[in-house]
Amino acid sequence: MSSSSLLLNEYSTSINGNLIIHKSLDIDFSSSSFKIVLMSITPVFLLTAEINEQIFVNITLTVVIGTFLVLLTVLFVDRVIINPIKYLANIGELISDGDLTVSVKESARDDEIGLLMRSFSKMTNFLRPVMIQISRTSQSFARSASEVAASSEEVNASSEEISSIAQQMAKG
């Protein structure tokens, strides 16, 4: 019965600033055995240059990917948060200038921005008829004031006429 085996050994050490890698392959046959030894000597400064280059590449990739992710985040925040707030600020300016003909876009969002948009819509829908009623009431009040002023002028004219007649009667 013949048997054979292969055994690979590897170890590394550092001597005088050089990395020494030692590999050996033991081959055993039933009748004979061989040992093949490979040894490589690599100066450590070459390894650190490769490591420094790899670190530089990794840092560069991290910075590029990080910058890209920050840019995506900024665009997302601008689109999802800042633009709707600017829109509502413009609507608020129009309403504060007395323009209640504006309509707020309906929002299906379930977050605070959606709640704010629905609140603005509800507010404008509530204020519109209130302002119409105030306008009608003020027009009615202006007409009534005009009528009161006209009546007051008539009363004043009548009073002057009565006073004039009373003075003529008193004179004789």
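Above: the structure in question.
A quick note: this is a predicted structure, and the numbers were derived from the prediction, not measured. (Residues numbered from 1 in each chain as written. Predicted model: local features only at pLDDT ≥ 70, side-chain atom pairs only at ≥ 80, totals over all residues. Heavy atoms only, no water.)

*Asks:* So what's going on with the overall build of the protein chain? Which residues, and what values?
*Replies:* Regarding its fold elements, the protein chain presents two helices and three strands. Listing every helix and strand of the protein chain by position from the N terminus yields β-β-β-α-α. Taking all 172 residues of the protein chain together, 12% fall into the buried category. Excluding contacts between residues fewer than 6 apart, the proportion of contacts in the protein chain whose partners are at least 24 apart in sequence is 33%. As displayed, the protein chain offers around 13,800 Å² of accessible surface, 63% of which is attributable to carbon and sulfur atoms. (Helix = DSSP H or I, 4+ residues; strand = E, 2+ residues; numbered from the N terminus. Buried < 20%, exposed > 50% of the residue type's maximum accessible area, 1.4 Å probe, protein only. Contact = heavy atoms within 4.5 Å. Areas by Shrake-Rupley, 256 points an atom, 1.4 Å probe, with all protein chains shown as cover.)

*Asks:* Go over helix α2 (residues 112-171) with me, naming the residues and quoting the values.
*Replies:* Compared with the 88 Å implied by 1.5 Å per residue over 60 residues, the 84 Å span of α2 between its first and last C-alpha is a close match. Along α2, the residues classified as buried are Ile113, Gly114, Met117, Phe120, Ser121 and Thr124. (Expected span 1.5 Å × (residues − 1).)

*Asks:* So what's going on with the nonpolar core? Which residues, and what values?
*Replies:* With nine residues, the main nonpolar core is built from Leu88, Ile91, Ile95, Leu100, Val102, Val104, Ile113, Met117 and Phe120. For this core, the elements supplying multiple residues, two or more each, are α1 (44-96) and α2. (Core = buried A, V, L, I, M, F, W, Y, C linked by side-chain atoms within 4.5 Å.)

*Asks:* Can you tell me about the packing of aromatic side chains, naming the residues and giving the values?
*Replies:* Centre-to-centre distance and the angle between the planes together describe a pair of aromatic rings. In total, this model carries zero aromatic pairs according to the counting rule given. In this arrangement the basic side chain of Lys105 is found over the ring face of Tyr87, its NZ or CZ atom lying 4.5 Å from the centre. (Phe/Tyr/Trp six-rings, centres within 6.5 Å; stacked < 30°, edge-to-face > 60°. Lys NZ or Arg CZ within 6 Å of the ring centre and 35° of its normal.)

*Asks:* Kindly report on the side chain of Thr124, identifying the contributing residues and their values.
*Replies:* Relative to the helices and strands, Thr124 is located in helix α2. Polar contacts involving the side chain of Thr124 include one to the main-chain carbonyl oxygen of Ser121, which spans 2.9 Å. Once residues lying within four places of it in the same chain are set aside, the contact partners of Thr124 are Ile95, Val102 and Val104. (Polar contact = N/O pair within 3.5 Å; in protein donor to acceptor, adjacent residues only side chain to side chain.)

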